[in-house]
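Overview (structure and organization)
Listed here are the chains, written in short residue letters.
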Amino acid sequence: MNKLRIAIQKSGRLHEDSIRILKECGIEFNNGINKLKSEAFNFPLEVLFLRDDDIPQYVEDGVADIGIIGENVLAEKNKKVKIVNSLGFGKCRLSIAVPKAKEFNSPSILNGMKIATSYPNILGNYLKENGIKAEIHEISGSVEIAPGIGLADAICDLVSSGSTLFMNGLREAQVILKSQAVLVSGNNLSNEKQEILNRLVFRMNAVKKAKHNKYILLNAPNDKLDEIIKVLPGMKSPTVLPLAEEGWSSVHSVVNEDDFWEIIENLKANGAEGILVIPIEKMIV
Ligand code: PRT
Ligand code: ZN
């Protein structure tokens, strides 16, 4: 039987989350320790463990059918692959950073500077779009030390918490690209492989949706039910069950993480008691 081949990072920041998302989709396989590939036991999937930089090329060439990589790598490599799904992890931004004391009120300040980066293509496009003439100095690692050792005047590198910049006396001046891990696919999947991919994406969406939502249970006095139900959206509408105690009901619903605290405050203000919040494992709508 035909199998779908997915390429994920062998080791590094995306490795564990890539494995976790596949496992949460119910797919079981051995992790890639000292292994180049692994076959899933219970889903038509073969997992290849590769360096993240190589994944776009492998997917473009069809050696792997799909892959998980950061949008930053995708934008830099510019290969013929398409984004199928955003995965919500590996979030970071590609930014220009300058020494702390340096003013940065417009990108034109970069004119004439030497900028160190591992992302020469993305940086080159940014400079071109802004009409800036600067020298790009490509280095493959430890970009943040370049200004301190006199190798460059500024850098263009990935930032997440900002502590690496801070420790090197640098300041984030301009975000060029926001990135997260994405699932990409080649452009010529067979019908059979496309079908497997659709099943995988369906499962990933159920996992993602569940993470964004919480199941909520609460007790409400019956005379306050109308107000409380108005606060709770639910998947269709909240479930209301009578409590053993006269005049009270139990209300069940699903709430979105984004407005979660606001909803809880509203519920309390409207007389809800004994509020329980429970994580949802999968959500199929
Ligand atoms: O060996 P391989 O080539 O596969 O891995 P790699 O060393 O090239 O990549 P890796 O594992 O470091 O990162 C893989 C992907 O994780 C990146 O392509 C991004 O999509 C994503 N990601 C998310 C990050 C970060 N956050 C991140 N903070 N990648 C790197 N960093 C680095 C950054 O370069 C800087 O050195 O972390 C430092 C900054 O972090 P803060 O928290 O101090 O700001
Ligand atoms: Zn890499």
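Residues numbered from 1 in each chain as written. Chains lettered and ligands numbered in written order. Predicted model: local features only at pLDDT ≥ 70, side-chain atom pairs only at ≥ 80, totals over all residues. Heavy atoms only, no water.

**Some points on the overall build of the protein**
- For the protein, the helix and strand inventory stands at 8 helices and 15 strands.
- The C-alpha radius of gyration computed for the protein amounts to 24 Å, which surpasses the reference 19 Å derived for 285 residues by more than 25%, pointing to a less compact arrangement than a globule.
- Here the C-alpha coordinates of the protein stretch approximately 75 × 55 × 35 Å along the principal axes.
- Long-range contacts, defined as pairs at least 24 residues apart, comprise 68% of the intrachain contacts of the protein with a sequence gap of at least 6.
- When the accessible surface of the protein is split by element, carbon and sulfur atoms take 49% of a total near 15,400 Å².
- The averaged location of the 36 negative side-chain charges in the protein is 5 Å from the averaged location of its 34 positive side-chain charges. (Helix = DSSP H or I, 4+ residues; strand = E, 2+ residues; numbered from the N terminus. Rg over C-alpha atoms; globule rule 2.2 N^0.38 Å. Contact = heavy atoms within 4.5 Å. Areas by Shrake-Rupley, 256 points an atom, 1.4 Å probe, with all protein chains shown as cover. Lys, Arg positive; Asp, Glu negative; His and termini not counted. Charge placed at Lys NZ, Arg CZ, Asp CG, Glu CD.)

**A few points about the coordination of the zinc ion (ligand 2)**
- Bound to the zinc ion (ligand 2) on the protein side are Asp52 (OD) and Asp53 (OD), at distances that span 2.0 to 2.1 Å.
- Coordination geometry of the zinc ion (ligand 2): the 4 donor atoms subtend angles of 75 to 171° at the metal centre, consistent with an arrangement described as irregular.
- Judged by relative accessible area, which is 28%, Asp53 ranks as partly exposed. (Donors = N, O, S within 2.8 Å, 3.2 Å for Na, K, Ca; no water. Tetrahedral: all angles 85-135°; square planar, octahedral: opposite > 155°, others 65-115°. Buried < 20%, exposed > 50% of the residue type's maximum accessible area, 1.4 Å probe, protein only.)

**Observations regarding the domain arrangement of the protein**
- Structurally, the protein comprises domain 1 (4-90 + 180-210), domain 2 (92-179) and domain 3 (213-279).
- Summarising the inter-unit geometry, the C-alpha centres of domain 1 and domain 3 are found 38 Å apart. (Domains from an automatic or database assignment.)

**Considering helix H6 (residues 191-212)**
- The first and last C-alpha atoms of H6 sit 31 Å apart over 22 residues, in line with the 32 Å expected at 1.5 Å per residue.
- Lys193, Ile196, Leu197, Leu200, Val201, Met204, Ala206, Val207 and Ala210 are the residues of H6 that are buried.
- Residues of H6 that are buried in the fold lie against strand E1 (4-9), helix H1 (15-24), strand E4 (66-70), strand E5 (82-86), strand E11 (181-185) and strand E12 (213-221). (Expected span 1.5 Å × (residues − 1).)

**Some remarks on the pairing of strand E8 (residues 135-138)**
- Where strand E7 (residues 114-117) meets E8, 4 bridges bridge the pair, whose relative direction is parallel. Among the inter-strand pairings, Thr117 is bridged to a residue of E8, identified as Glu138. (Pairing = 2+ DSSP bridges.)

**Comments concerning a negative patch on the surface**
- Taken together, the side chains of Asp258, Asp259, Glu262 and Glu265 make up a negatively charged region of the molecular surface.
- Relative to the elements of secondary structure, Asp259 occurs in the loop between strand E14 (248-256) and helix H8 (260-269).
- By relative accessible area, Asp259 is classed as partly exposed at 36%. (Patch = residues over 30% accessible without salt bridge, like charges linked within 9 Å, V, L, I, M, F, W, Y side chains within 5 Å. Salt bridge = Lys/Arg side-chain N within 4 Å of Asp/Glu carboxyl O.)

**Quick word on the site of ligand 1**
- Near ligand 1, the surroundings consist of 23 residues, among which Asp53, Asn72, Ser161, Gly162 and Thr164 are the closest.
- In the environment of ligand 1, an oxygen atom lies 2.8 Å from a nitrogen or oxygen atom belonging to the side chain of Arg51.
- Here an oxygen atom of ligand 1 and a backbone polar atom of Gly162 are 2.7 Å apart.
- Those elements that place two or more of their residues in the shell around ligand 1 are helix H3 (71-77), strand E9 (154-159) and helix H5 (163-167).
- In terms of residue count, E9 provides more of the shell around ligand 1 than any other element does, 3 residues in total.
- Grouping the amino acids of the shell around ligand 1 by side-chain chemistry returns 5 nonpolar, 11 polar and 7 charged.
- Residue-level mapping places the shell around ligand 1 at the junction of two domains, with at least three residues from each of domain 1 (4-90 + 180-210) and domain 2 (92-179). (Near = heavy atom within 4 Å. Polar contact = N/O pair within 3.5 Å; in protein donor to acceptor, adjacent residues only side chain to side chain. Nonpolar A, V, L, I, M, F, W, Y, C, P; charged D, E, K, R; others polar.)

**Focus: the sheet that holds E9**
- Spatially, 5 strands are ordered E8-E7-E9-E6-E10 in an open sheet, and the strand pairing comes out mixed. The open sheet has two edge strands, E8 and strand E10 (170-179), and neither has a second partner. The mean inter-strand angle of the sheet, taken between neighbouring strand axes irrespective of direction, is 25°.
- The sheet contact formed by E7 and E9 spans 3 bridges and is parallel. Counterpart to Ala116 in the pairing with E9 is Ile155. (Axes fitted to C-alpha atoms, helices over the stretch in contact; angles between N-to-C directions.)

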